[in-house]
Amino acid sequence: MLTTLKTSYTDTRAADLAWALGREPLPALAVLDLELSGAKLQLRLLGASHQVLLEEEGRHCSETVACMPGSSTPLPLGVSKRVGEWEYEFAARVETLTHGSFAGRAQELLALVADHPNGLAGTFPGSPHAFTAMLAQRHEGQVRWRTWHAYPQEGQLVVTRTRLGARMPATL
């Protein structure tokens, strides 16, 4: 699903993004509710940021990547931790692209997400390459999602990847 977000572009620097687990739902500009093999997943666009809410078998998890005033947790390159009965893995990277490469990559990503049944993307008025996009899937018992946060004025694309699933038993 592709939508034009009814807001001004305010999260204007990739370096301002922060990461948090367990936050309450924040006001969203666009929402996509999904059911992935028993897991209820809500993809939420918060402007140039995102929030994912997951519920499965009475367990809950929320991930927020946004400009959060007062947050002391900048966007990490990677996180691996236990969240209740789940194993949570998060990775982020910043791609810096030339103006021409950025426009092409933006078009490619928006086309990928816009027509995908588990995809949500929002563009900002006045800047066709300023967008946030999310894509979710269920694979081998795990829920996975990827996100893209575009900052065309900096030529930067913040890419995140998350995996959440049952704890794997230790092997000897």
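Because the structure is a prediction, the values reported are computed rather than measured. (Residues numbered from 1 in each chain as written. Predicted model: local features only at pLDDT ≥ 70, side-chain atom pairs only at ≥ 80, totals over all residues. Heavy atoms only, no water.)

**A closer look at the overall build of the chain**
Consideration 1: Of the regular secondary structure elements, the chain holds one helix and 12 strands.
Consideration 2: Shown N-terminal to C-terminal, the secondary structure of the chain runs as helices and strands in the order β-β-β-β-β-β-β-β-α-β-β-β-β.
Consideration 3: In terms of overall size, the chain behaves like a compact globule, its C-alpha atoms giving a radius of gyration of 16 Å where 172 residues would be expected to give roughly 16 Å.
Consideration 4: Taken over the C-alpha atoms alone, the chain extends approximately 50 × 35 × 30 Å along its principal axes.
Consideration 5: Looking at the 172 residues of the chain, the share that counts as buried comes to 48%.
Consideration 6: Sequence separation of 24 or more characterises 57% of the internal contacts of the chain that already satisfy a separation of 6 or more.
Consideration 7: Across the chain, the mean location of the 16 positive side-chain charges is 3 Å away from that of the 17 negative side-chain charges. (Helix = DSSP H or I, 4+ residues; strand = E, 2+ residues; numbered from the N terminus. Rg over C-alpha atoms; globule rule 2.2 N^0.38 Å. Buried < 20%, exposed > 50% of the residue type's maximum accessible area, 1.4 Å probe, protein only. Contact = heavy atoms within 4.5 Å. Lys, Arg positive; Asp, Glu negative; His and termini not counted. Charge placed at Lys NZ, Arg CZ, Asp CG, Glu CD.)

**What about the sheet that holds strand 1 (residues 2-4)?**
Consideration 1: With mixed pairing, seven strands are arranged side by side in an open sheet as 1-9-10-11-12-8-7. In this open sheet, the two edge strands, each paired with only one partner strand, are strand 1 and strand 7 (78-83). Within the sheet, the average angular offset between the axes of one strand and its neighbour, ignoring direction, is 15°.
Consideration 2: Summarising the sheet, strand 10 (residues 127-139) and strand 11 (residues 142-151) pair through eight bridges and their orientation is antiparallel. By the bridge assignment for strand 11, Met134 is matched with Thr147. (Pairing = 2+ DSSP bridges. Axes fitted to C-alpha atoms, helices over the stretch in contact; angles between N-to-C directions.)

**Observations regarding the nonpolar core**
Consideration 1: By size, the foremost hydrophobic cluster in this structure holds 33 residues, and its most contacted members are Leu41 and Leu43.
Consideration 2: Apart from residues no more than four positions distant in its own chain, Leu43 is found in contact with Ala30, Val31, Leu32, Leu34, Gln51, Val52, Asn118, Leu120, Met134 and Ala136.
Consideration 3: Among the nonpolar cores identified, the runner-up in size contains 13 residues, and Ala106, Val113, Ala121 and Phe131 belong to it. (Core = buried A, V, L, I, M, F, W, Y, C linked by side-chain atoms within 4.5 Å.)

**Points about the sheet that holds strand 5 (residues 50-56)**
Consideration 1: Ordered in space as 2-6-5-4-3, the five strands form an open sheet in which the pairing is antiparallel. Only two strands of the sheet have a single neighbouring strand rather than two, namely strand 2 (18-21) and strand 3 (30-36). Strand-to-strand twist of the sheet, defined as the mean angle between neighbouring strand axes without regard to direction, takes the value 10°.
Consideration 2: Sheet topology places strand 5 next to strand 6 (residues 59-66); seven bridges connect them, and they run antiparallel. In the sheet register, Gln51 faces strand 6, and the bridge partner there is Thr64.

**Quick word on the pattern of salt bridges**
Consideration 1: Under the counting rule described, the total for this entry stands at six salt bridges.
Consideration 2: Glu95 is the partner of Arg93 in a salt bridge, and the nearest nitrogen-oxygen pair spans 2.6 Å.
Consideration 3: Where Arg105 meets Glu108, a salt bridge forms, and the shortest distance between an N and an O atom there is 2.7 Å. Remark: Glu108 and Arg105 occur in helix 1 (residues 99-114); sequence separation between them is three residues, near one turn of the helix.
Consideration 4: One network of salt bridges, with partners in common, ties together Arg93, Glu95, Arg105 and Glu108. (Salt bridge = Lys/Arg side-chain N within 4 Å of Asp/Glu carboxyl O.)

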